[in-house]
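So you can see what is in the structure, the chains are spelled out below.
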Amino acid sequence: MPKRVDHEERRTQIAEALIRVAGRRGLHAVGMRDVAAEAGVSLRLVQYYFQTKEKLLFHGLQHLTDRFTARVSDRLAAAGPDPGARATVEALLLASLPTDEESRTFHLLYSSYAMLSVTDEALAAQPFIDSPDAAENALTGLLEQAQEAGLADPGADARTEAVSLLAMAAAMGTSILVGQRKPESAVAVLQHHLDRIFTTGAHTVHPVRRRTVAAGS
């Protein structure tokens, strides 16, 4: 009796291969043949599941996003059953900094995909992310929640602060990748701005911060 193929498992296998080889060589240098070799499958099989390189890259980005979500969930779980608004904001921001191999790959490939899509029409035709404002909306909601609870500056504009924090984390992530700063320096800058937004009554998750710094040291 022929073995039943788990198609989702096979797609995940190929996506993981893409992430590994792109993490070593850069997204721009990866072809479908390279991914097939890394995954230990035929080129025809990769083409069967994804048809084009652009669709393969987009699926890889979705897979990276799922892994990022899992990283955030792990950090929140480590913070306890009721981490609070600040702890959740910290988890979202710190998980995106390239402080270990997996987060480095996430930042590198996510940024590379964005840059390539600017000049590659076929890549630009693929949806970059399902909801481009999801992170911004989530942070805005958390900051508004903290303001209502009296744990954040009531005079701050939650949307503006959310945009600023995300832009700051992205820029500092790149500075870590190129060796401009150490992960602990980036974490300190983020903590400084969170201390400005949140009042002294806000909940700070020191275990998350220490674990992040240790991962990049």
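Thresholds, definitions, all that
- Residues numbered from 1 in each chain as written.
- Predicted model: local features only at pLDDT ≥ 70, side-chain atom pairs only at ≥ 80, totals over all residues.
- Heavy atoms only, no water.
- Helix = DSSP H or I, 4+ residues; strand = E, 2+ residues; numbered from the N terminus.
- Buried < 20%, exposed > 50% of the residue type's maximum accessible area, 1.4 Å probe, protein only.
- Contact = heavy atoms within 4.5 Å.
- pLDDT = per-residue confidence, 0-100.
- Core = buried A, V, L, I, M, F, W, Y, C linked by side-chain atoms within 4.5 Å.
- Axes fitted to C-alpha atoms, helices over the stretch in contact; angles between N-to-C directions.
- Parallel < 35°, antiparallel > 145°, perpendicular 65-115°, else oblique.
- Left-handed = near helix turned anticlockwise from the far one by under 90°.
- Nonpolar A, V, L, I, M, F, W, Y, C, P; charged D, E, K, R; others polar.
- Salt bridge = Lys/Arg side-chain N within 4 Å of Asp/Glu carboxyl O.
- 1 Å grid on protein atoms, 1.4 Å probe; cavity = no way out; pocket = protein on both sides within 12 Å on 5 of 7 lines; lining within 4 Å.
- Points joined across faces, edges and corners; volume = space filled by probe spheres on them.

(A) Inspection of the overall build of the protein at higher detail. Scanning the protein from terminus to terminus reveals 11 helices and 0 strands. Going from the N terminus to the C terminus, the protein shows its helices and strands as α-α-α-α-α-α-α-α-α-α-α. Sorting the 217 residues of the protein into buried and exposed places 40% on the buried side. Long-range contacts, defined as pairs at least 24 residues apart, comprise 67% of the intrachain contacts of the protein with a sequence gap of at least 6.

(B) Looking closely at the confidence of the model for the protein. Here the protein averages 85 in pLDDT, and 88% of its residues register 70 or above. Across the protein, the element-wise mean pLDDT spans from 36 in helix H11 (residues 206–216) up to 96 in helix H2 (residues 32–39). Below pLDDT 50 for its whole length, residues 201–217 participates in 31 contacts with residues either more than four positions away or in separate chains.

(C) Molecular detail of the nonpolar core. In terms of nonpolar packing, the biggest core is built from 29 residues, with Ile14, Leu18, Leu27, Val35, Val46, Leu56 and Tyr113 touching the most fellow members. Secondary structure elements with two or more residues in this core: helix H1 (7–25), H2, helix H3 (43–50), helix H4 (53–79), helix H5 (84–95) and helix H6 (101–119). Discounting residues that sit within four places of it in the chain, Val35 has contacts with Ile14, Ala17, Leu18, Val21, Val30 and Leu56. By size, the runner-up hydrophobic cluster in this structure holds 23 residues, among which are Leu94, Leu97, Ala146 and Ile197.

(D) How the structure looks around the environment of Thr65. Among the structural elements, Thr65 can be located in helix H4. When the C-alpha positions of Thr65 and Tyr110 are compared, they lie 8.8 Å apart, and in sequence the two are 45 residues distant. Each residue touching Thr65, except ones within four places of it in the same chain, is listed here: Phe106 and Tyr110.

(E) Geometry of the packing of H4 against H5. Two elements in contact, H4 and H5, have axes separated by 9 Å at closest approach and are oriented at 140 degrees. Taken together, the axes of H4 and H5 lie oblique to each other. Judged by the sense of rotation from one axis to the other, the crossing of H4 with H5 is right-handed. Across the interface between the two elements, Phe68, Arg71, Val72, Arg75 and Leu76 from H4 touch Ala87, Thr88, Ala91, Leu92, Leu94 and Ala95 from H5. Looking at the contact of H4 with H5 residue by residue, the classes come out as 8 nonpolar, 1 polar and 2 charged.

(F) Fine view of the pattern of salt bridges. For the structure on display, the rule yields 10 salt bridges. For Asp34, the salt bridge is made with Arg25, and the minimal N-O distance between the two is 3.2 Å. When its relative accessible area of 43% is taken as the criterion, Arg25 is described as partly exposed. Across the salt bridge formed by Arg71 and Asp100, the nearest N and O atoms sit 3.5 Å from each other. Of this pair, Arg71 sits in helix H4 while Asp100 sits in the loop between H5 and H6; the two residues are 29 residues apart in sequence, bridging distant segments of the chain.

(G) Spotlight on the side chain of Thr105. Examined against the element boundaries, Thr105 turns out to sit in helix H6. Those residues in contact with Thr105, other than ones at most four positions away along the chain, are Ile19 and Gly23.

(H) Layout of empty space enclosed by the protein. Counting across every chain of the model gives 2 cavities of 30 Å³ or more. By volume, the largest cavity is sized at about 60 Å³. Taken together, Leu18, Ile19, Leu27, Leu57, Gly60, Leu61, Leu64, Leu109 and Tyr113 make up the full set of residues lining the largest cavity. Listed by contribution, the elements that provide at least two residues to the lining of the largest cavity are H1, H4 and H6. For the lining of the largest cavity, the leading source of residues is H4, giving 4 residues. Of the residues in the lining of the largest cavity, the class split is 8 nonpolar, 1 polar and no charged. Roughly 30 Å³ of internal volume is contained in the second largest cavity. Taken together, Leu64, Arg67, Phe68, Arg71, Glu102 and Phe106 make up the lining of the second largest cavity. Within the residue set of the lining of the second largest cavity, elements represented by two or more residues are H4 and H6.

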